[in-house]
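# A structural walkthrough
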Amino acid sequence: MLILSRDDIKKCITMKDTIEICKNALKNYSLGLANVPLRNKLDVKDSNGQILFMPANINDADNALGIKIVSVYPNNIKLNLPSVPATMLIFDPKTGIASGLIDGTYLTKLRTAALQGAATDLLAKENSKIATLIGTGGQAYEQAHAMLCVRNLEELRVVGRNFEKTKKFVQLLKNDFNNFKTKFVEFEDANKAVIDSDIITTVTTSKVPTFNAKFVKRGAHINGIGSFTPEMIELPKEIINKKNKIYFDTNEGVLSEAGDIILPLKENLIGINDFIGELGELILNPEIGRKDNDEITVFKSVGTAVLDIACGNEIVKHALKLNIGKKVNL
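For the structure given in this document, a descriptive report is provided here. Since the model is a prediction, treat every value here as computed from it, not as a measurement. (Residues numbered from 1 in each chain as written. Predicted model: local features only at pLDDT ≥ 70, side-chain atom pairs only at ≥ 80, totals over all residues. Heavy atoms only, no water.)

This part covers the pattern of salt bridges. Following the criterion strictly, the structure yields 15 salt bridges and no others. Here K291 makes a salt bridge to E287, at a shortest N to O gap of 3.3 Å. Shared partners join several salt bridges into a network, and the residues in it are E20, K23, D121, E126 and R151. (Salt bridge = Lys/Arg side-chain N within 4 Å of Asp/Glu carboxyl O.)

What follows covers the pairing of strand β4 (residues 49-58). Burial analysis of β4 places seven of its 10 residues in the buried class, which makes it a mostly covered element. Pairing geometry for strand β2 (residues 34-35) and β4, over two bridges, is antiparallel. Along β4, the bridge assignment pairs N35 with N57. Where strand β3 (residues 40-44) meets β4, five bridges bridge the pair, whose relative direction is antiparallel. Paired with L42 across the two strands is I51, which belongs to β4. Where β3 folds back onto β4 in an antiparallel hairpin, the turn is made up of four residues, including N48, whose phi is positive at roughly 55°. Relative to strand β5 (residues 65-72), β4 runs antiparallel, the two sharing eight bridges. Note that in β5 the partner of N57 across the bridge is L65. (Buried < 20%, exposed > 50% of the residue type's maximum accessible area, 1.4 Å probe, protein only. Helix = DSSP H or I, 4+ residues; strand = E, 2+ residues; numbered from the N terminus. Pairing = 2+ DSSP bridges.)

The angle between the axes and the distance between the axes are what describe a pair of packed helices. At a closest axis distance of 8 Å, the pairing of helix α2 (residues 15-30) and helix α3 (residues 104-123) adopts a crossing angle of 75°. When the axis of α2 is compared with that of α3, the two are roughly perpendicular. Judged by residue contacts, M15, T18, I19, C22, K23 and L26 of α2 engage L110, R111, A113, A114, L115, G117, A118, D121 and L122 from α3. Taken together, the residues that form the contact of α2 with α3 break down as 10 nonpolar, two polar and three charged. (Axes fitted to C-alpha atoms, helices over the stretch in contact; angles between N-to-C directions. Parallel < 35°, antiparallel > 145°, perpendicular 65-115°, else oblique. Contact = heavy atoms within 4.5 Å. Nonpolar A, V, L, I, M, F, W, Y, C, P; charged D, E, K, R; others polar.)

Written out as structure tokens, the structure reads:
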């Protein structure tokens, strides 16, 4: 079995590569070529924790098979440990033997950002120049990277709960992404940042909307990436309406888990038939995509193991070719 760390993963795959892998994985999902049960959850009450088990199998030419195990332990922050550590196992589909053990924490950041990058690439206006990123947590860095990879941005605005932390995060982006001709700017007020933004990406675990719909301009593309439970709501319900084009990573996951969508449905602000479809369906049928520069498009995701398995499988294949990682005999 091959063991791959975060640094190993970075040597095997780029953000642009990962975006294309995610597009293909979602296409296969919408074609019915993937077996992806909804994640199972185990509560660990004594430690205020949860463990999520996310298996998947993609029945395409690569026949990828694996499981991601995610621990959600908020108290870990007090111990200076990751609050959402994850581990990814890739299996040989012919034998069922584990062939790869991957740093799932970094893989989650990478594939979640690449998913947003795929949606932004498919739905945002080609001439998008200003983007806003709401959230400066563990997912935010790669989210910024993905937006930079798919559009030639003149300005990337960043908003966080703590302005001092936001300024430090923006400085990190300036240092690490100086190869992009983009101006990075910190904002205290999300609504001010959203004004004139062509792309809005919110990646938080907020239970209230992170911005007001009235500040969203015509033609904007919005990504709701952070929230993944019925209680979490990042997107203003006013933006979830039949006038706007709304897409999901998977219908099953979003309609059962995303508070951003469940609330507007409950309040009859939108009907189940008013959603355009899955991102994979858009890839298969571009006619259901953006028609003009005045349409507002919205992408909502809660995550799906099909992305982890597809990306993990490619990472293991590249690592074997490049002789990267540590091999162990079980």
